[in-house]
Amino acid sequence: MTEKRDQQFFDGFMLLVGIFVGIVAGILLLGDLVGEGLGAQAEEGAAQSAIVERIRPIGEVALIGDPTLAAAPSGGATAPPPAAVSSTLSGTELYDQLCALCHAAGVGGAPLLTDLASWQPRIEQGAEVLRDHVINGYQGSAGVMPAKGGRTDLSDAEVLAAMQYMLDQVSP
Ligand code: HEC
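Conventions used here
Residues numbered from 1 in each chain as written. Predicted model: local features only at pLDDT ≥ 70, side-chain atom pairs only at ≥ 80, totals over all residues. Heavy atoms only, no water. Near = heavy atom within 4 Å. Polar contact = N/O pair within 3.5 Å; in protein donor to acceptor, adjacent residues only side chain to side chain. Helix = DSSP H or I, 4+ residues; strand = E, 2+ residues; numbered from the N terminus. Nonpolar A, V, L, I, M, F, W, Y, C, P; charged D, E, K, R; others polar. pLDDT = per-residue confidence, 0-100. Axes fitted to C-alpha atoms, helices over the stretch in contact; angles between N-to-C directions. Parallel < 35°, antiparallel > 145°, perpendicular 65-115°, else oblique. Left-handed = near helix turned anticlockwise from the far one by under 90°. Contact = heavy atoms within 4.5 Å.

## Describing the site of the ligand
Phase 1: Around the ligand, a shell composed of 25 residues is seen, among which C99, C102, H103, Y138 and M145 lie nearest.
Phase 2: Residue R122 places a side-chain N or O atom 2.7 Å away from an oxygen atom belonging to the ligand.
Phase 3: Within the backbone of A142, one N or O atom sits 2.8 Å away from an oxygen atom of the ligand.
Phase 4: Take the shell around the ligand: its biggest share by element is four residues, from helix α3 (residues 91-103).
Phase 5: When the residues that make up the shell around the ligand are grouped by side-chain class, the tally is 15 nonpolar, nine polar and one charged.

Laid out in C-alpha coordinates, this is it:
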(Lines give C-alpha, C1' and ligand atoms only; values in the text may rest on other atoms or scores of the structure.)
Protein backbone atom coordinates (compact mmCIF):
# COMPACT_ATOMS: atom_id res chain seq x y z
CA MET A 1 0.00 0.00 0.00
CA THR A 2 2.66 2.46 1.04
CA GLU A 3 4.83 1.30 -1.79
CA LYS A 4 2.16 2.21 -4.29
CA ARG A 5 1.72 5.66 -2.80
CA ASP A 6 5.45 6.17 -2.79
CA GLN A 7 5.49 5.20 -6.41
CA GLN A 8 2.70 7.67 -7.15
CA PHE A 9 4.54 10.42 -5.32
CA PHE A 10 7.74 9.62 -7.15
CA ASP A 11 5.99 9.68 -10.53
CA GLY A 12 4.41 13.00 -9.75
CA PHE A 13 7.65 14.43 -8.49
CA MET A 14 9.55 13.32 -11.56
CA LEU A 15 6.85 14.82 -13.74
CA LEU A 16 7.25 18.17 -11.99
CA VAL A 17 11.04 17.94 -12.30
CA GLY A 18 10.66 17.13 -15.97
CA ILE A 19 8.37 20.09 -16.54
CA PHE A 20 10.74 22.36 -14.61
CA VAL A 21 13.78 21.20 -16.58
CA GLY A 22 11.82 21.67 -19.77
CA ILE A 23 10.91 25.26 -18.85
CA VAL A 24 14.49 26.10 -17.89
CA ALA A 25 15.82 24.59 -21.11
CA GLY A 26 13.22 26.53 -23.04
CA ILE A 27 14.19 29.81 -21.40
CA LEU A 28 17.88 29.18 -22.07
CA LEU A 29 17.20 28.31 -25.69
CA LEU A 30 15.00 31.38 -26.13
CA GLY A 31 17.64 33.58 -24.55
CA ASP A 32 20.20 32.20 -26.95
CA LEU A 33 18.01 32.91 -29.93
CA VAL A 34 17.23 36.44 -28.80
CA GLY A 35 20.91 37.08 -28.12
CA GLU A 36 21.81 35.90 -31.58
CA GLY A 37 19.17 38.13 -33.05
CA LEU A 38 20.52 41.16 -31.20
CA GLY A 39 24.05 40.43 -32.36
CA ALA A 40 22.90 40.24 -35.94
CA GLN A 41 21.09 43.52 -35.50
CA ALA A 42 24.22 45.22 -34.17
CA GLU A 43 26.20 43.91 -37.14
CA GLU A 44 23.58 45.23 -39.51
CA GLY A 45 23.75 48.62 -37.84
CA ALA A 46 27.51 48.79 -38.32
CA ALA A 47 27.19 47.85 -41.98
CA GLN A 48 24.52 50.51 -42.44
CA SER A 49 26.62 53.31 -40.95
CA ALA A 50 29.51 52.19 -43.16
CA ILE A 51 27.27 52.62 -46.21
CA VAL A 52 26.04 55.98 -44.99
CA GLU A 53 29.66 57.05 -44.52
CA ARG A 54 30.52 55.94 -48.07
CA ILE A 55 27.65 57.69 -49.81
CA ARG A 56 27.92 60.84 -47.65
CA PRO A 57 27.85 64.01 -49.84
CA ILE A 58 31.09 65.99 -50.10
CA GLY A 59 29.61 69.27 -48.96
CA GLU A 60 27.61 69.92 -45.85
CA VAL A 61 25.20 72.69 -45.03
CA ALA A 62 26.16 74.59 -41.90
CA LEU A 63 24.23 77.48 -40.45
CA ILE A 64 25.92 80.43 -38.77
CA GLY A 65 26.71 79.48 -35.21
CA ASP A 66 27.09 75.81 -36.14
CA PRO A 67 30.09 74.44 -34.21
CA THR A 68 31.28 72.64 -37.39
CA LEU A 69 31.88 76.07 -38.89
CA ALA A 70 34.62 76.85 -36.39
CA ALA A 71 36.73 74.02 -37.83
CA ALA A 72 36.05 74.95 -41.45
CA PRO A 73 38.48 77.26 -43.28
CA SER A 74 37.08 80.78 -43.43
CA GLY A 75 36.95 81.22 -47.20
CA GLY A 76 34.02 83.60 -47.04
CA ALA A 77 35.62 86.07 -44.68
CA THR A 78 34.35 89.57 -45.31
CA ALA A 79 36.80 91.88 -47.04
CA PRO A 80 37.84 94.98 -45.09
CA PRO A 81 35.86 98.06 -46.11
CA PRO A 82 37.65 100.35 -48.57
CA ALA A 83 39.37 103.36 -47.11
CA ALA A 84 37.14 106.41 -47.07
CA VAL A 85 37.86 108.79 -49.95
CA SER A 86 37.87 112.42 -49.04
CA SER A 87 35.26 114.12 -51.21
CA THR A 88 36.11 117.67 -50.21
CA LEU A 89 38.72 119.54 -52.21
CA SER A 90 41.40 121.51 -50.46
CA GLY A 91 41.75 125.21 -51.26
CA THR A 92 44.77 124.59 -53.48
CA GLU A 93 43.09 121.73 -55.37
CA LEU A 94 39.97 123.76 -56.02
CA TYR A 95 41.97 126.79 -57.16
CA ASP A 96 43.92 124.61 -59.61
CA GLN A 97 40.81 122.87 -60.93
CA LEU A 98 38.43 125.82 -61.14
CA CYS A 99 39.49 129.29 -60.06
CA ALA A 100 42.73 129.17 -62.07
CA LEU A 101 40.67 128.87 -65.27
CA CYS A 102 40.04 132.61 -64.99
CA HIS A 103 42.39 133.87 -62.32
CA ALA A 104 45.58 132.39 -63.80
CA ALA A 105 44.94 133.74 -67.32
CA GLY A 106 42.90 136.87 -66.61
CA VAL A 107 39.85 135.52 -68.47
CA GLY A 108 36.91 137.95 -68.54
CA GLY A 109 38.82 140.57 -66.59
CA ALA A 110 39.55 138.25 -63.64
CA PRO A 111 42.36 139.69 -61.51
CA LEU A 112 45.55 137.68 -61.91
CA LEU A 113 47.22 136.28 -58.82
CA THR A 114 50.50 137.74 -60.03
CA ASP A 115 49.00 141.22 -60.26
CA LEU A 116 49.43 142.23 -56.65
CA ALA A 117 48.46 145.87 -57.24
CA SER A 118 44.97 144.97 -58.50
CA TRP A 119 44.33 142.95 -55.34
CA GLN A 120 45.15 145.74 -52.93
CA PRO A 121 41.81 147.63 -53.23
CA ARG A 122 39.91 144.33 -53.35
CA ILE A 123 41.42 143.14 -50.06
CA GLU A 124 40.66 146.55 -48.55
CA GLN A 125 36.92 145.93 -49.11
CA GLY A 126 37.12 143.54 -46.19
CA ALA A 127 36.76 139.81 -45.81
CA GLU A 128 32.96 140.08 -45.53
CA VAL A 129 32.55 141.58 -49.01
CA LEU A 130 35.06 139.22 -50.57
CA ARG A 131 33.28 136.20 -49.07
CA ASP A 132 29.94 137.42 -50.34
CA HIS A 133 31.34 138.08 -53.84
CA VAL A 134 32.90 134.66 -54.06
CA ILE A 135 29.94 132.68 -52.69
CA ASN A 136 27.14 134.63 -54.40
CA GLY A 137 29.03 136.06 -57.37
CA TYR A 138 28.91 139.69 -58.50
CA GLN A 139 29.23 141.99 -61.44
CA GLY A 140 32.25 144.28 -61.04
CA SER A 141 33.86 146.92 -63.17
CA ALA A 142 36.27 144.40 -64.70
CA GLY A 143 33.80 141.59 -65.43
CA VAL A 144 31.57 138.95 -63.87
CA MET A 145 32.71 136.74 -61.05
CA PRO A 146 30.22 133.81 -61.13
CA ALA A 147 28.82 132.48 -57.85
CA LYS A 148 31.31 129.93 -56.47
CA GLY A 149 33.22 130.25 -59.76
CA GLY A 150 30.27 128.61 -61.52
CA ARG A 151 30.27 125.50 -59.38
CA THR A 152 27.29 126.07 -57.10
CA ASP A 153 27.44 122.40 -56.07
CA LEU A 154 30.54 123.19 -54.01
CA SER A 155 30.21 123.94 -50.31
CA ASP A 156 30.86 127.45 -48.99
CA ALA A 157 33.79 126.07 -47.00
CA GLU A 158 35.46 124.63 -50.10
CA VAL A 159 35.10 127.87 -52.05
CA LEU A 160 36.26 129.99 -49.11
CA ALA A 161 39.31 127.73 -48.72
CA ALA A 162 40.19 128.39 -52.37
CA MET A 163 39.69 132.12 -51.80
CA GLN A 164 41.97 131.96 -48.75
CA TYR A 165 44.59 130.23 -50.87
CA MET A 166 44.34 133.02 -53.44
CA LEU A 167 44.53 135.77 -50.80
CA ASP A 168 47.55 134.05 -49.27
CA GLN A 169 49.28 134.35 -52.65
CA VAL A 170 48.54 138.07 -53.04
CA SER A 171 48.95 139.27 -49.46
CA PRO A 172 52.33 140.79 -48.76
C1 HEC B 1 34.61 132.38 -65.09
C2 HEC B 1 35.80 133.03 -64.62
C3 HEC B 1 36.04 132.99 -63.13
C4 HEC B 1 36.17 131.93 -62.34
C5 HEC B 1 36.06 130.46 -62.73
C6 HEC B 1 36.45 132.40 -61.01
N7 HEC B 1 36.49 133.77 -60.98
FE8 HEC B 1 36.87 134.93 -59.39
N9 HEC B 1 36.63 136.58 -60.51
C10 HEC B 1 36.35 136.59 -61.89
C11 HEC B 1 36.28 137.97 -62.37
C12 HEC B 1 35.99 138.38 -63.79
C13 HEC B 1 36.53 138.77 -61.25
C14 HEC B 1 36.60 140.26 -61.18
C15 HEC B 1 35.21 140.85 -61.21
C16 HEC B 1 35.28 142.36 -61.06
O17 HEC B 1 35.78 142.80 -60.02
O18 HEC B 1 34.84 143.04 -62.01
C19 HEC B 1 36.73 137.86 -60.11
C20 HEC B 1 37.02 138.32 -58.82
C21 HEC B 1 37.30 137.45 -57.78
C22 HEC B 1 37.66 137.90 -56.46
C23 HEC B 1 37.75 139.34 -56.00
C24 HEC B 1 36.37 139.76 -55.54
C25 HEC B 1 36.30 141.26 -55.26
O26 HEC B 1 35.34 141.62 -54.56
O27 HEC B 1 37.16 141.98 -55.71
C28 HEC B 1 37.88 136.81 -55.72
C29 HEC B 1 38.27 136.75 -54.23
C30 HEC B 1 37.65 135.68 -56.57
N31 HEC B 1 37.31 136.10 -57.81
C32 HEC B 1 37.78 134.41 -56.14
C33 HEC B 1 37.50 133.31 -56.97
C34 HEC B 1 37.56 131.96 -56.50
C35 HEC B 1 37.89 131.52 -55.09
C36 HEC B 1 37.26 131.16 -57.55
C37 HEC B 1 37.18 129.64 -57.58
C38 HEC B 1 36.25 129.06 -56.67
C39 HEC B 1 37.00 132.01 -58.67
N40 HEC B 1 37.16 133.31 -58.27
C41 HEC B 1 36.68 131.61 -59.92
C42 HEC B 1 36.17 135.49 -62.68
C43 HEC B 1 36.23 134.16 -62.28
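## Remarks on the confidence of the model for the chain
Phase 1: Mean pLDDT for the chain: 86, with 87% of residues reaching 70 or above.
Phase 2: At the level of individual helices and strands, the chain shows its lowest average pLDDT in helix α2 (residues 67-71), which scores 67, and its highest in helix α5 (residues 127-136), which scores 97.

## Regarding the packing of α5 against helix α6 (residues 156-170)
Phase 1: Where α5 meets α6, the closest approach of the two axes is 10 Å, and the angle between their N-to-C directions is 125°. What the angle tells us is that α5 and α6 run oblique. The element α5 and its partner α6 pack so that their crossing is right-handed. Taken together, the residues of α6 that come into contact with α5 (itself represented by L130, R131, V134 and I135) are D156, V159, L160, M163 and L167.
Phase 2: Among the residues forming the contact of α5 with α6, the class breakdown is seven nonpolar, no polar and two charged.

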